[in-house]
Amino acid sequence: DFNQDCGIGTDRDALTPGEGLESHARAYLAWIDTIRARFPNVLFETCSSGGMRMDYATLSHFSIVSTSDQTSYLRYPYIAGNVLSAVLPEQAAVWSYPVGTDTPGFTPTREWVNEHISDEQIIMNMINSLLGRIHLASHVELLNQDKLALIKEGLDFYDGMTAFKKAAVPYLPLGLTRFGKKQVAAGLLHEGKLLLAVWNLGGEREMRIPLADLQPVGARIAYPADARGTTCTLDADTVTVHFTEDYQARMLEITLN
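Residues numbered from 1 in each chain as written. Predicted model: local features only at pLDDT ≥ 70, side-chain atom pairs only at ≥ 80, totals over all residues. Heavy atoms only, no water.

Asks: Quick rundown of the sheet that holds strand β2 (residues 64-66)? Include the residues and the values.
Replies: What links the strands of a sheet is backbone hydrogen bonding, and the strands pair in either a parallel or an antiparallel sense. The four strands lie next to each other as β1-β2-β3-β4, forming an open sheet whose pairing is parallel. The sheet terminates laterally at β1 (45-46) and β4 (133-136), the two strands that pair on one side only. Bridge count for β1 against β2 is two bridges, and the pairing is parallel. Residue pairing in the sheet places Glu45 in a bridge with Ile64 of β2. Sheet strands in contact with helix α5 (residues 119-130) are β3 (92-96) and β4, and its direction is about 175 degrees off that of β3. (Pairing = 2+ DSSP bridges. Helix = DSSP H or I, 4+ residues; strand = E, 2+ residues; numbered from the N terminus. Contact = heavy atoms within 4.5 Å. Axes fitted to C-alpha atoms, helices over the stretch in contact; angles between N-to-C directions.)

What follows is the structure, encoded as structure tokens:
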């Protein structure tokens with residue numbers, strides 16, 4: 001984890017800065033290979049300001065890549081909604097901060113957490129990371145049992161996706177997502193099933209997702225099991241999600257013909 005730009009390169013022992021930069025990159029990866037050989041049971045993560053090392057010349061030498069150091073769970077959906085276009089889900093590490101706060105240096109108390117951290121904040125944090133590789137962080141030990149149960153349910157769902165992820169391909173029914181869009185959808189598709197994460201980010205509480213190319217025959221909210229008033233309906237080739245709040249996320253399981 002070294003958030004430093006190397007610039008255009010170096011002409012030391014090279015004809016051009018570009019040649020020097022390429023030699024530097026190759027030497028860096030060769031060094032990483034020696035470290036991995038010494039410690040074969042360690043998982044090494046590559047990180048440099050999120051996606052700046054998200055190329056497969058680099059990723060082929062690492063187990064995981066940190067997709068971002070973004071700490072706002074309301075902004076991470078824009079990253080989680082696009083990242084499968086660039087990296088394998090089993091390598092795409094996404095930070096989940098169920099007890100995240102907006103105040104740097106603030107250490108929450110148990111009373112503050114259970115008064116201010118909503119179920120929906122926990123659910124969205126978990127869904128942000130379900131399509132990738134979860135990095136669970138923050139003071140989850142301060143949550144009460146009901147809120148901790150939401151995290152455990154999310155982790156159980158995540159573990160159940162492991163085999164599916166290894167064979168699935170990305171599916172972006174609304175296309176790539178720009179920052180600021182009010183609705184985001186991204187999923188994984190394999191053998192008659194689509195696991196689709198949907199986010200409502202301050203937009204309309206009805207979200208329509210066209211799936212004509214997939215021929216859907218069934219749809220349900222898979223996480224959380226207690227949908228808390230949100231619903232999912234299928235009409236012809238369109239799945240419609242009805243949210244109850246302006247900022248919510250749900251994981252859908254869609255059965256295909």
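Asks: Could you give me a rundown of the nonpolar core, with the residues and numbers involved?
Replies: With 41 residues, the main nonpolar core has Ile127, Trp199, Tyr223 and Met251 as its most contacted residues. For this core, the elements supplying multiple residues, two or more each, are α3 (76-80), α5, α6 (145-160), β6 (183-190), β7 (193-201), β9 (216-223) and β12 (247-256). By residue number, the principal contributor to this core is α5, which donates six residues. With near-sequence residues (within four places) excluded, Ile127 lies in contact with Ala197, Trp199, Tyr223, Ala249, Arg250 and Met251. Counting 19 residues, the second largest nonpolar core, distinct from the first, contains Leu189, Leu196, Ile209 and Val241. (Core = buried A, V, L, I, M, F, W, Y, C linked by side-chain atoms within 4.5 Å. Buried < 20%, exposed > 50% of the residue type's maximum accessible area, 1.4 Å probe, protein only.)

Asks: A description of the pairing of strand β8 (residues 206-210) should follow, citing residues and the corresponding values.
Replies: Burial along β8 is one-sided: Met207 and Ile209 are buried, and none of Glu206, Arg208 and Pro210, which face the opposite way, are. As judged from the five bridges shared by β8 and strand β11 (residues 238-242), these two strands associate in the antiparallel manner. Looking at the pairing, Met207 lines up with Val241 of β11.

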